[in-house]
Amino acid sequence: MNAAKRREIFARLQAANPHPTTELEYETPFQLLIAVLLSAQATDKSVNIATRKFFPRYGTPQALLALGEEGLSDYIKTIGLFRTKAKNAIATCRLLIEQHGGEVPQTREALEALPGVGRKTANVVLNTAFGQPTMAVDTHIFRVSNRTGIAPGKNVLEVELKLEKFVPREYMQDAHHWLILQGRYVCVARKPKCPQCGISDLCEFKDKTPA
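Residues numbered from 1 in each chain as written. Predicted model: local features only at pLDDT ≥ 70, side-chain atom pairs only at ≥ 80, totals over all residues. Heavy atoms only, no water.

Per an unreviewed UniProt entry, the protein carries the name Endonuclease III and comes from Achromobacter deleyi. The UniProt entry for the protein carries the following comment under Catalytic activity (unreviewed entry): "2'-deoxyribonucleotide-(2'-deoxyribose 5'-phosphate)-2'-deoxyribonucleotide-DNA = a 3'-end 2'-deoxyribonucleotide-(2,3-dehydro-2,3-deoxyribose 5'-phosphate)-DNA + a 5'-end 5'-phospho-2'-deoxyribonucleoside-DNA + H(+)". (UniProt positions renumbered as here; feature names shortened; annotations may be inferred.)

Next up, the structure:
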């Protein structure tokens, strides 16, 4: 795929959705961090249902640490892997208080040092909470990048690095939100909705679905 075609794809995605953002509900960088940590192998909708119940009262590192692992588990037991996630979330609270004054750090290295926080989670927080032009590659972005030809790669890191290289600078801040939404609602896994896709004529997928 050439640069002109990529630029037109992102121009159209921007025109259709000028201000994309995460579908996770949060009010602070800390709440976003916890929500993203909980969202691994779970839907944003299921995470929002859970966090609405405890964020109002336990929405700070200090309050969530005081709630404890068992207390948090009770709130998130509808989410997959909830025991591991509760353990990691509470341990993260402790480290944020001990090492970062209760604030969420703004570097990938410091974020990845927190329990349960991998590269993708760190990138989401850096981009969405702190406005850094990172690329958080999830299954949706991986699929869309490969299927369309925007940034094909064998693994998520390869796709991330190619997107960082190929996405025009002016679109980089919002690019991962557009690609996630594209994969979640249009370029879906089993049967992409090519007839409803605004970039179908630019996409290089060979097996487009008919109208």
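UniProt tags Cys187, Cys194, Cys197 and Cys203 as "binding site: [4Fe-4S] cluster" (unreviewed entry). For this annotated set, covering 17 residues, all C-alpha atoms fall within 10.6 Å of each other, a compact arrangement in space. Lining the largest cavity, from the residues just named, are Cys187, Cys194, Cys197 and Cys203. When you line up the elements, Cys187 lands in the segment after α10 (172-185). A relative accessible area of 8% places Cys187 in the buried class. Those residues in contact with Cys187 that sit more than four places away from it in its chain are Arg143, Val144, Arg147, Gln182 and Pro192. (1 Å grid on protein atoms, 1.4 Å probe; cavity = no way out; pocket = protein on both sides within 12 Å on 5 of 7 lines; lining within 4 Å. Helix = DSSP H or I, 4+ residues; strand = E, 2+ residues; numbered from the N terminus. Buried < 20%, exposed > 50% of the residue type's maximum accessible area, 1.4 Å probe, protein only. Contact = heavy atoms within 4.5 Å.)

On to the environment of Ala122. You can see Ala122 is positioned in helix α7 (residues 119-128). Accessibility expressed as a relative area gives 0% for Ala122, which makes it buried. Residues Ala122 and Arg169 lie 47 residues apart in sequence; the distance between their C-alpha atoms is 20 Å. Look past the residues within four positions of Ala122 in its chain and what remains in contact with it is Arg108, Leu111, Glu112 and Val117.

Here we take up the domain arrangement of the protein. The assigned domain composition of the protein is domain 1 (3-17 + 135-202) and domain 2 (29-130). If you average the C-alpha positions of domain 1 and of domain 2, the two centres end up 27 Å apart. Of the residues lining the interface, 12 residues belong to domain 1; the matching set on domain 2 comes to 8 residues. Surface buried jointly by domain 1 and domain 2 totals about 710 Å² across both partners, of which 40% is contributed by carbon and sulfur atoms. At the junction of domain 1 and domain 2, the tally comes to 3 salt bridges. The residue Asp44 makes a salt bridge to Arg184 at a minimum N-O spacing of 3.3 Å. Here domain 1 and domain 2 share 7 residue pairs in polar contact (both at pLDDT 80 or more) between them. Of all the secondary-structure elements, those providing two or more residues to the side of domain 1 that touches domain 2 are α9 (156-166) and α10. No other element matches the 5 residues that α10 contributes to the side of domain 1 that touches domain 2. The residue inventory of the side of domain 1 that touches domain 2, partitioned by class, reads 5 nonpolar, 3 polar and 4 charged. (Domains from an automatic or database assignment. Buried area = accessible area lost by both parts, 1.4 Å probe. Salt bridge = Lys/Arg side-chain N within 4 Å of Asp/Glu carboxyl O. Polar contact = N/O pair within 3.5 Å; in protein donor to acceptor, adjacent residues only side chain to side chain. Nonpolar A, V, L, I, M, F, W, Y, C, P; charged D, E, K, R; others polar.)

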